[in-house]
Amino acid sequence: MTIEDPLNNRDRVTPLRVLSRSDLAEVPITPGEVVRAVEEAYLAFAAGESDNPRKLSVAHPEGWSVSYAMLGRDGRRRVVAMKTSYKFDPGHDRSTKRYFTTITLYDDTTGAPIAMMDCARVGALRTPAVSALLVRETIRRGAESALLIGTGTQGRHALPHLLAAHPGLRKLAVYGTHAEGLAAVRDQLAVWHPHALLEVVDDPYEAAGGADVVLATAGPGTEVALESRHLAPGSVAVLVGYGLAPSALVDADRVIATSAEQMALTGTDMAGPDGTLRSVDAELPAVLTRRKPGRRTDEEKIFVYNSGLVLTDIAVAHALAEIAIAQGRGTEVPLWD
């Protein structure tokens, strides 16, 4: 008689829940919930409860494509996940450009798969939530104004998450060159803050001089590159995409990053005239746990670099998956039958 391994049997009978982009599009989650999930991920990492190994990458030698694989373990949620991304981008031609990113979650208490899901909305929510936390920890006392540069995916979600973390910001401004993008920023803000006032500015350089917070989320095609001299004393400038010149980093009084290692890898375009990239004074996990200060004086100009950490993807993906599954969304695939 053959004794069947119960774990192997479980693998064959446990279906995999697949959550598509359309399944996740209408899953209700507030900016405040996203910010809390991301903050919890950073705190768990800072406490040594989670693991975030270095990502793996492979690229076509002629630059046609680049792929990444990122593994992480969230010790508080008890979730293990693998995120993958593949970008096919010959010459930035929109007709041939392709980008796919997915994340697969496993329950580390039961050993069961939770879901395999599209990661587009995860990234769209995770990044502005990280920016919001970075601003909350570095903003000067009495700050009330913010300037958003860029109206793409990150720009459209930036302000609701920023206000979730720091509701004292009353003067909001945006610079963009696409009418539909500006409308989308306004519409997204109205969903969560219907009474908030948003000014569209024509001159981002002038507007930056009066902003306590600058969020640079523009795409690589932007012509805006704010220099250090354009930024107000005591301001915090967050680089998510493009919109800041290297002097904003070089001349900063303090530099905060989500990860110094990631900034060293992906922030080389912000190197100074001598080719040297300014070092990081503190990373976000250390700031959140008060091991290092985010800001020391109200007069400091602070440069902030927002780069990805797969643990934040896991936290947001798990939060979305829990809601989606509870609502019966997605398709169960008997992958191991």
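The rules behind the values
Residues numbered from 1 in each chain as written. Predicted model: local features only at pLDDT ≥ 70, side-chain atom pairs only at ≥ 80, totals over all residues. Heavy atoms only, no water. Axes fitted to C-alpha atoms, helices over the stretch in contact; angles between N-to-C directions. Helix = DSSP H or I, 4+ residues; strand = E, 2+ residues; numbered from the N terminus. Parallel < 35°, antiparallel > 145°, perpendicular 65-115°, else oblique. Contact = heavy atoms within 4.5 Å. Pairing = 2+ DSSP bridges. Salt bridge = Lys/Arg side-chain N within 4 Å of Asp/Glu carboxyl O. Buried < 20%, exposed > 50% of the residue type's maximum accessible area, 1.4 Å probe, protein only. Lys, Arg positive; Asp, Glu negative; His and termini not counted. Polar contact = N/O pair within 3.5 Å; in protein donor to acceptor, adjacent residues only side chain to side chain. Expected span 1.5 Å × (residues − 1). Arc of directions from axis to C-beta.

An unreviewed UniProt entry lists the protein under the name Ornithine cyclodeaminase family protein, with Nocardia thailandica given as the organism.

Trainee: I'd love a proper account of the packing of helix 3 (residues 31–46) against helix 4 (residues 120–138), names of residues and values included.
Mentor: Running from N to C, helix 3 and helix 4 cross one another at 75°; their axes reach a closest spacing of 9 Å. Relative to helix 4, the element helix 3 is oriented roughly perpendicular. Two secondary-structure elements touch here, helix 3 through Val-34, Val-35, Val-38, Glu-39 and Tyr-42 and helix 4 through Leu-125, Arg-126, Ala-129, Val-130, Ala-132, Leu-133 and Arg-136.

Trainee: Explain the sheet that holds strand 4 (residues 79–88) residue by residue, including any values.
Mentor: The strand order across the open sheet built from 7 strands is 2-3-4-5-6-1-15, with neighbouring strands paired in mixed fashion. Edge positions in the sheet fall to strand 2 (56–59) and strand 15 (331–333), since each has one partner strand and no second. The sheet shows a mean angle of 15° between the axes of neighbouring strands, direction not considered. Here strand 5 (residues 98–107) pairs with strand 6 (residues 113–118) via 5 bridges, running antiparallel.

Trainee: So, the pattern of salt bridges: which residues are in play, and what are the values?
Mentor: The final tally for this structure, using the stated rule, is 18 salt bridges. A salt bridge links Arg-17 to Glu-332, with the shortest nitrogen-to-oxygen separation between them at 3.3 Å. Residue Arg-17 is located in strand 1 (residues 16–19), and its partner Glu-332 is located in strand 15; the two are separated by 315 residues in the primary sequence. Glu-332 sits in the partly exposed class, given a relative accessible area of 49%.

Trainee: Explain the side chain of Arg-295 residue by residue, including any values.
Mentor: Its place among the elements puts Arg-295 in the loop between helix 10 (284–288) and strand 14 (302–305). Within the buried core, Arg-295 has no salt-bridge partner, and the shortest N-O distance to an opposite charge, that of Glu-300, equals 4.7 Å. A distance of 2.9 Å separates a polar atom in the side chain of Arg-295 from the backbone oxygen of Gly-234. Looking at Arg-295, its side chain comes within polar contact range of the main-chain oxygen of Glu-300, at 2.9 Å. Discounting residues that sit within four places of it in the chain, Arg-295 has contacts with Glu-137, Thr-138, Ile-139, Arg-140, Gly-234, Ser-235, Val-236, Arg-254, Glu-300 and Ile-302.

Trainee: How would you explain helix 6 (residues 179–192) if you had to name every residue and give the values?
Mentor: Spanning 14 residues, helix 6 covers 21 Å between terminal C-alpha atoms, matching the ideal 20 Å at 1.5 Å per step. By the burial criterion, the buried members of helix 6 are Gly-181, Leu-182, Ala-184, Val-185 and Leu-189. The buried residues of helix 6 occupy an angular sector of 160° when projected down its axis, which confines them to one face. Structural note: helix 6 exposes Ala-179, Glu-180, Asp-187 and Val-191 on the side pointing more than 90 degrees away from its buried face. As for helix 6, its buried residues are in contact with strand 7 (145–149), helix 5 (153–165), strand 8 (171–175) and strand 9 (198–200).

Trainee: Any details on the pairing of strand 14? Residues and values, ideally.
Mentor: Residues Ile-302 and Val-304 of strand 14 are buried on one face, and the alternating residues Phe-303 and Tyr-305, pointing to the opposite face, are buried as well. When strand 11 (residues 236–239) meets strand 14, the two strands line up parallel, connected through 4 bridges. Paired with Val-238 across the strands is Val-304, a residue of strand 14. Relative to strand 14, strand 12 (residues 254–257) runs parallel, the two sharing 4 bridges. Along strand 14, the bridge assignment pairs Ala-257 with Tyr-305.

Trainee: Tell me about the sheet that holds strand 14, residues and numbers included.
Mentor: In space, the 8 strands of this open sheet follow the order 9-8-7-10-11-14-12-13, with parallel pairing throughout. Each edge of the sheet is formed by a strand with only one pairing partner; in this case those strands are strand 9 and strand 13 (282–283). Of the pairings in the sheet, the one linking strand 7 to strand 8 comprises 5 bridges and is parallel in character. If you follow Ile-149 over to strand 8, its bridge partner there is Tyr-175. In this fold helix 5 packs onto strand 7, strand 8, strand 9 and strand 10 (213–216), with an angle of close to 160° to the strand it touches most, strand 7. Here helix 6 sits on the sheet and contacts strand 7, strand 8 and strand 9; the angle it forms with strand 9, its principal contact strand, is near 175°.

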